[in-house]
Amino acid sequence: MIRKIEVPAWFDQLAKVHRARKAFLDQDSQTLYLVRCISSSETAGDHVLTATDKIWLMRAALDGYIVVEPKYLLPLEATETTEPRGQTYAGIRKNGQWFTAHLSATQAKSSAFYVTRTQLEAAPAWVKAIEPIAADPK
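Please read these numbers as outputs of a predicted model, since none were measured by experiment.

A. Expanded view of the domain arrangement of the protein. The assigned domain composition of the protein is domain 1 (3-65) and domain 2 (69-133). Between the C-alpha centres of domain 1 and domain 2 there is a distance of 32 Å.

B. Focus on the nonpolar core. Ranked by size, the top nonpolar core spans 13 residues in total, and within it Val7, Phe11, Leu34, Ile38, Leu57, Ala60 and Ala61 carry the most contacts. Not counting the four nearest positions on each side in its chain, valine 7 is found in contact with Trp56, Ala60, Tyr65, Ile66, Val67 and Val68. Listed in part, the eleven residues of the second largest apolar core include Tyr72, Leu74, Leu76 and Val115.

C. Spatial organisation of the packing of aromatic side chains. Scanning the entire structure with this criterion turns up four aromatic pairs. Cluster of aromatic residues (ring-pair linked, three or more members): Trp10, Phe11 and Tyr65. Here lysine 22 stacks its cationic end above the ring of tyrosine 33, 5.0 Å away from the centre of that ring. We note arginine 117 situated over the ring of tyrosine 72; from NZ or CZ to the ring centre the distance is 4.6 Å.

D. Inspection of the environment of alanine 51 at higher detail. Secondary-structure assignment places alanine 51 in helix H3 (residues 51-63). A relative accessible area of 57% places alanine 51 in the exposed class. Taking C-alpha positions, alanine 51 is 8.5 Å from serine 39, a pair spaced twelve residues apart along the chain.

What counts as what
- Numbering of residues begins from 1 in every chain and follows the order in which that chain's sequence is written.
- The model is predicted, so local features are restricted to residues of pLDDT at least 70 and side-chain atom pairs to those at 80 or more, both for listing and for counting; the totals for chains, interfaces and linings are taken over all residues.
- Hydrogens and waters are ignored; side-chain quantities use all the structure's heavy atoms.
- Domain start and stop points were drawn from an automatic or database domain assignment.
- Nonpolar cores were defined as sets of buried Ala, Val, Leu, Ile, Met, Phe, Trp, Tyr and Cys residues, with membership established by side-chain atoms within 4.5 Å.
- Residue exposure (1.4 Å probe, protein chains only): buried if accessible area is under 20% of the type maximum, exposed if over 50%, otherwise partly exposed.
- Contacts are assigned to residue pairs that have any heavy atoms within 4.5 Å of one another.
- Here a pair means two rings of Phe, Tyr or Trp (six-membered ring of Trp) with centres within 6.5 Å. Their orientation is stacked below 30 degrees between planes, edge-to-face above 60, and tilted elsewhere.
- By definition here, charges over rings are those cases where NZ of Lys or CZ of Arg is within 6 Å of the ring centre and within 35 degrees of the ring normal.
- Helix and strand definitions here come from DSSP, where helices need a minimum of 4 consecutive H or I residues and strands a minimum of 2 consecutive E residues; each element is numbered from the N-terminal end.

Structure below.
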């Protein structure tokens, strides 16, 4: 069985618009039209498409996809640290425990720092007080 590709909500909206333009065609023809639109476009809405993005989205169109919730980063402002550069972020561990950590400017963020709106709604008050910023964990 082919594994479905995870895509953001904007791709689902784009796919629905393109399929609706060819609603009179069968589903396979609609999919081919969508793939052609992706391959020949430099952008998708506000998103600039690289060659890698196009391949990923064409696979999603052909293999099927699931829409994932948008992800957010939670930077803590005005935190003091002994580190000269970087940012302190809140994150959530796999066991559901919230934590903070200071990351240097060049340090990669683990998936624990990318949270969904659903996780934020269930978070403690100190986490809810942080202003989330939209993030693309790709």
